[in-house]
Amino acid sequence: FFNLVSQMAIKWGTPEKINFLEPMTGAPISIGARGVLNFKIANARKLLLKLVGTGGKLTRQDLMEDGEGHIKNYFRSLIQLTVSTNLANIITAEKMDILQLDQQKMRLSAALLNAIQQSFEEYGLVVTEFLVMGIMLPQQGDLGYDVLKTILQMRQKELTKSAIATETELKLA
């Protein structure tokens, strides 16, 4: 028996931060990500053949966390690998501003959905939604924390200069 209903709000996250070169400065930085995905079975026969194969049986413990959960752990690892490999590539290729990643969650979600879809299709599964819910920027002690701090200080100086120039223009007018 296969449940063909969409499985919703399956949580995912990067197990550790991802190191890459921040596209605006070229400096090394580390970030993490978390979110949820929804999937459903599109081809039960394909799923059965891939999961059970020649083993002859598939038990609840193979799927669930309260048992061995081999299959669930495999898919979790597959998601984590796909996200950690592709997240840095997407940010770099799109030249996304590290301080504006929250505004890019929909673009990141769509790009990561495309990246992960192929792996799930091999098992007869379709990922119907893949959502990036949070981006974890470097914290003190993480790779790139000093870079992030410097970028913030530079942006604040630019904003201050811009505000002073605007105020001066208004007084002259």
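A.B. asks: Describe the overall build of the protein, naming the residues involved and giving the relevant values.
C.D. replies: Check the secondary structure of the protein and you find five helices and four strands. Reading the secondary structure of the protein in the N-to-C direction produces β-β-β-α-α-α-α-β-α. Look at the contacts in the protein between residues 6 or more apart in sequence, and 70% of them connect residues 24 or more apart. Accessible surface computed for the protein: about 11,000 Å², of which carbon and sulfur atoms make up 55%.

A.B. asks: Before we move on, could you go through the nonpolar core and cite the residues and values that matter?
C.D. replies: Ranked by size, the top nonpolar core spans 35 residues in total, and within it Leu87, Leu108 and Phe130 carry the most contacts. Put simply, the parts of the chain that give this core at least two residues each are strand 2 (18–21), strand 3 (28–41), helix 3 (70–93), helix 4 (105–121), strand 4 (125–136) and helix 5 (145–172). The residues touching Leu108, leaving out its near neighbours within four places in the chain, are Leu87, Ile90, Ile91, Met96, Leu101, Val132 and Ile135.

A.B. asks: Quick rundown of the environment of Ala27? Include the residues and the values.
C.D. replies: Structurally, Ala27 is set in the loop between strand 2 and strand 3. With 121 residues separating them along the chain, Ala27 and Leu148 place their C-alpha atoms 9.5 Å apart. With near-sequence residues (within four places) excluded, Ala27 lies in contact with Phe20, Leu21, Glu22 and Val147.

A.B. asks: Run through the environment of Ser119, naming residues and quoting values.
C.D. replies: Tracing the backbone shows Ser119 in helix 4. Sequence separation of Ser119 and Phe75 is 44 residues, and the distance between their C-alpha atoms is 9.4 Å. Ignoring any residue separated from it by four or fewer positions in sequence, one finds Ser119 in contact with Leu78 and Thr82.

A.B. asks: Go over unusual backbone geometry, please, and point to the residues and values.
C.D. replies: Although it is not a glycine, Lys95 sits at a positive phi angle of roughly 50 degrees. Residue classification places Lys95 among the exposed positions, given a relative accessible area of 60%.

A.B. asks: Help me get a handle on the pattern of salt bridges, residues and values and all.
C.D. replies: For the structure on display, the rule yields four salt bridges. Residues Arg107 and Glu94 are paired through a salt bridge, measuring 2.4 Å at the closest nitrogen-oxygen approach. Residue Arg107 is located in helix 4, and its partner Glu94 is located in the loop between helix 3 and helix 4; the two are separated by 13 residues in the primary sequence. Classification of Arg107 as partly exposed rests on a relative accessible area of 40%.

A.B. asks: Which residues make up the side chain of Asp97, and what values go with them?
C.D. replies: Assignment of secondary structure puts Asp97 in the loop between helix 3 and helix 4. Exposure remark for Asp97: the relative accessible area of 12% places this residue in the buried category. There is a polar contact of 2.9 Å between the side chain of Asp97 and the backbone nitrogen of Leu99. In this view, Asp97 contacts Met24 and Arg155; residues no more than four positions away in its chain are not counted.

A.B. asks: Explain helix 4 to me, using residue names and the numbers behind them.
C.D. replies: With 17 residues, helix 4 ought to run about 24 Å at 1.5 Å a step, and its terminal C-alpha atoms sit 24 Å apart, in line with that. At Ala115, helix 4 is bent by approximately 30 degrees, the largest bend along its length.

A.B. asks: Please give an account of the packing of aromatic side chains that cites residues and values.
C.D. replies: Using the criterion set out here, one finds six aromatic pairs in the structure. Note on Trp12 and Phe130: the rings are 4.8 Å apart at their centroids and 15 degrees apart in plane angle, and the pair reads as stacked. Linking Trp12 in strand 1 (residues 7–13) with Phe130 in strand 4, this pair joins segments that are 118 residues apart in sequence. Residues Trp12 and Phe130 agree in their burial class; the two are buried.

Calculation criteria
- Residues numbered from 1 in each chain as written.
- Predicted model: local features only at pLDDT ≥ 70, side-chain atom pairs only at ≥ 80, totals over all residues.
- Heavy atoms only, no water.
- Helix = DSSP H or I, 4+ residues; strand = E, 2+ residues; numbered from the N terminus.
- Contact = heavy atoms within 4.5 Å.
- Areas by Shrake-Rupley, 256 points an atom, 1.4 Å probe, with all protein chains shown as cover.
- Core = buried A, V, L, I, M, F, W, Y, C linked by side-chain atoms within 4.5 Å.
- Buried < 20%, exposed > 50% of the residue type's maximum accessible area, 1.4 Å probe, protein only.
- Salt bridge = Lys/Arg side-chain N within 4 Å of Asp/Glu carboxyl O.
- Polar contact = N/O pair within 3.5 Å; in protein donor to acceptor, adjacent residues only side chain to side chain.
- Expected span 1.5 Å × (residues − 1).
- Bend = angle between axes of the 7 residues up to and from the residue.
- Phe/Tyr/Trp six-rings, centres within 6.5 Å; stacked < 30°, edge-to-face > 60°.

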